[in-house]
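Take a look at the letters that make up each chain.
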Amino acid sequence: RTSKITMEANKKFQAFAAYEAKGEIKDFSYVPISLKPDEVELRVESCGVCHSDLHQVHNDWGGANYPLVPGHEIVGTVEKIGAEVKELKVGMRVGVGPQTGSCESCHDCGRGEEQLCSAKIKSYNTATGDSQQPYTYGGFSKRLRVRAKWAFPIPEEIPSEYAGPLLCAGITTWTPFVHNKVRSGQKVGICGFGGLGHMAVQFAAKMGCKTYVITRSPNKKKEAEKFGATGFIVSADEKQMHSHARSFDFLLSTISGDGVVYEDFFKLLRPDGIFCCVGLPPKISFKPNLLVVNRLTFCGSYLASHSEIKNMLQFCAKHKVLPQIETLKMTAENANKALERVAKNSVRYRMVLVNN
């Protein structure tokens, strides 16, 4: 028995990590923190590749710690459970997103908005206080340990490789509709059409909204219609933009590039309309006149609460809302290829690394 415990304590997990800022992803192994009573151990089946993974590998936002194992769109099978885990069983398929914990004692946790907790735990790059595994490591891995509360059962209607992106791109675009009480029949515009935008279009359409895609790229019209858009506006076409002035109830911006003239979008909103950002441009600048005179709301949205994630997964299963993906076998070489494709914005629309 002593020998078995020793072997367990020294067991290494195989993963893929960046060892320095802007460095290549390479093979990596580590001895994980012992499984805690409220945790589960997963065999990772797949992990989506998000643009924020690229930012973290490059340390674009500062604060990255190396070796850094990216990946926060994780799907895996439960192989071990801690003594206190009741809701999950060995063999269950679960998903893990960007957040894997919160303090559970602050005002925001108390009101069920755990994603706003200032002491949240991230799926990777959060300090653990443990010398052998000093930071949390993400889904570019063969195995993973995580708190059971933040491992969400995946409905059987959703294949594993499609489920991962729902835990990031899905929740990011789902929550703004829920929080802002967007309802059937309203006119909704999705600004930008990529990894986030193609998910947002599906949600809005399946909710019964009059759904428009607003983009600089006229060649994306057929793609937008395929995902449920009932209208398409080229933002560089002044005539098209003017024809929809003061007609939208809600605009969701997935744009992360700079150089956007936000006043052009505000002109599309009717009085009391809402403009919500989920994209992260380097800088946002606009004159407040239109916000003031039309009583518009300009806001942002971040991730999703525990209950919203569960509701989103059920909605996706019922209404067949899935990302469009490209897959590669999970290796260090392919992780680098995937990140390079993401950097070039050449993925349509989410890249997923798959084990076995």
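Sequence order sets the numbering: in each chain, residues are counted from 1 along the sequence as written. A pLDDT threshold of at least 70 governs which residues receive local features in this predicted model, and a stricter bar of 80 or more applies before side-chain atom pairs are shown or counted, although totals over entire chains, interfaces and linings include all residues. Derived side-chain values reflect all non-hydrogen atoms in the structure, with water molecules and hydrogen atoms excluded from consideration.

Asks: So what's going on with the overall build of the chain? Which residues, and what values?
Replies: Put simply, DSSP H or I for four residues or longer makes a helix, DSSP E for two residues or longer makes a strand, and each gets a number counted from the N terminus. A tally of helices and strands in the chain yields eleven helices and 17 strands. Whereas a compact globule of 356 residues would reach a radius of gyration of roughly 21 Å, the chain reaches 21 Å, a difference of no more than 12%. Burial status across the chain gives 54% buried among its 356 residues. Expressed as a percentage of contacts within the chain between residues at least 6 apart in sequence, the contacts between residues at least 24 apart total 67%. To get the radius of gyration, use the C-alpha atoms; to get the globule rule, take the number of residues to the power 0.38 and multiply by 2.2 Å. Categorising residues by exposure relies on relative accessible area from a 1.4 Å probe, with only protein chains included: less than 20% of the type maximum marks a residue as buried, more than 50% marks it as exposed, and the intermediate range marks it as partly exposed. The criterion used for residue contact is that any of the two residues' heavy atoms lie within 4.5 Å.

Asks: Could you give an account of unusual backbone geometry, with specific residues and numbers?
Replies: Looking along the chain, the bond that leaves Y66 and enters P67 is cis, with omega of 0°. Residue Y349 is reached from R348 by a cis peptide bond, and omega for that bond is -5°. Structurally, the position occupied by Y349 is in the loop between α11 (332-343) and β17 (350-354). The phi dihedral of D272 falls on the positive side, at around 70°, and the residue is not glycine.

Asks: Could you give an account of the pairing of β17, naming the residues involved and the relevant values?
Replies: With four of five residues buried, β17 lies mostly within the body of the structure. Paired strands, in this sense, are two strands between which DSSP finds at least two bridges. By the bridge criterion, four bridges tie strand β3 (residues 39-49) to β17 in an arrangement that is antiparallel. Looking across to β17, one finds that C47 is bridged to L353. Bridging between strand β16 (residues 325-329) and β17 involves five bridges; their strand directions are parallel. Paired with L328 across the two strands is L353, which belongs to β17.

Asks: With reference to specific residues and values, describe helix α5 (residues 197-206).
Replies: With respect to burial, α5 is a largely interior element, eight of its ten residues being buried. Considered for burial, the residues of α5 that qualify are G197, H198, M199, A200, V201, Q202, F203 and A204. A positive phi of about 90° marks G208, the residue just after α5.

Asks: Give me the packing of helix α2 (residues 51-58) against α11: which residues, what numbers.
Replies: Direction vectors running N to C along α2 and α11 enclose 105°, while the axes themselves pass 9 Å from each other. With respect to α11, the axis of α2 lies roughly perpendicular. Here H51, D53, L54 and V57 of α2 come into contact with α11, specifically with L339, V342 and A343. A breakdown of the residues in the contact of α2 with α11 according to their chemical character gives five nonpolar, one polar and one charged. The convention used is that axes are lines fitted to C-alpha atoms, helices contributing only their stretch in contact, and that angles between N-to-C directions extend from 0 to 180 degrees. Throughout, the term roughly parallel applies to angles under 35 degrees, roughly antiparallel to angles over 145, roughly perpendicular to angles from 65 to 115, and oblique to all others. Gly falls in the polar group here, along with every residue not listed as nonpolar (Ala, Val, Leu, Ile, Met, Phe, Trp, Tyr, Cys, Pro) or charged (Asp, Glu, Lys, Arg).

Asks: How would you sum up the packing of aromatic side chains? Please name residues and give values.
Replies: When two rings of Phe, Tyr or Trp (its six-membered ring) have centres within 6.5 Å they constitute a pair, described as stacked for plane angles under 30 degrees, edge-to-face for angles over 60, and tilted for the intermediate range. With the rule as written, the count across this model stands at 23 aromatic pairs. Seen from their ring centres, F227 and Y349 are 6.1 Å apart, and the 75° between their planes marks the pair as edge-to-face. With F227 in the loop between α6 (221-226) and β12 (231-234) and Y349 in the loop between α11 and β17, the pair connects residues that are 122 residues apart, well separated along the chain. With respect to class, F227 is no different from Y349; both count as buried. Between F265 and F275, the aromatic rings sit 6.2 Å apart at their centres with planes inclined by 55°, giving tilted as the arrangement. Here F265 is found in helix α8 (residues 262-266), whereas its partner F275 is found in strand β14 (residues 269-277), with ten residues between them in sequence.

Asks: Tell me about α2, residues and numbers included.
Replies: For α2, the set of buried residues is S52, D53, L54, Q56 and V57. As for α2, its buried residues are in contact with β1 (13-18), β2 (25-30), β3 and α11. Positive backbone phi, at 60°, marks N59, one or two positions downstream of α2.

Asks: So what about the nonpolar core? Which residues, and what values?
Replies: Here, nonpolar core means buried Ala, Val, Leu, Ile, Met, Phe, Trp, Tyr and Cys residues that are tied together by side-chain atoms lying within 4.5 Å of each other. Of all hydrophobic cores here, the largest spans 46 residues; its most connected members are F177 and F203. Looking at this core, the elements with two or more residues in it are α4 (160-179), β10 (187-191), α5, β12, β13 (248-253), β14 and α10 (306-319). For this core, the element with the most residues is α4, which contributes seven residues. Setting aside its immediate chain neighbours within four residues, F203 contacts G170, T173, W174, F177, M312, F315, C316 and V321. Core analysis: the second largest hydrophobic core is formed by 40 residues, V44, L144, A151 and M330 among them.

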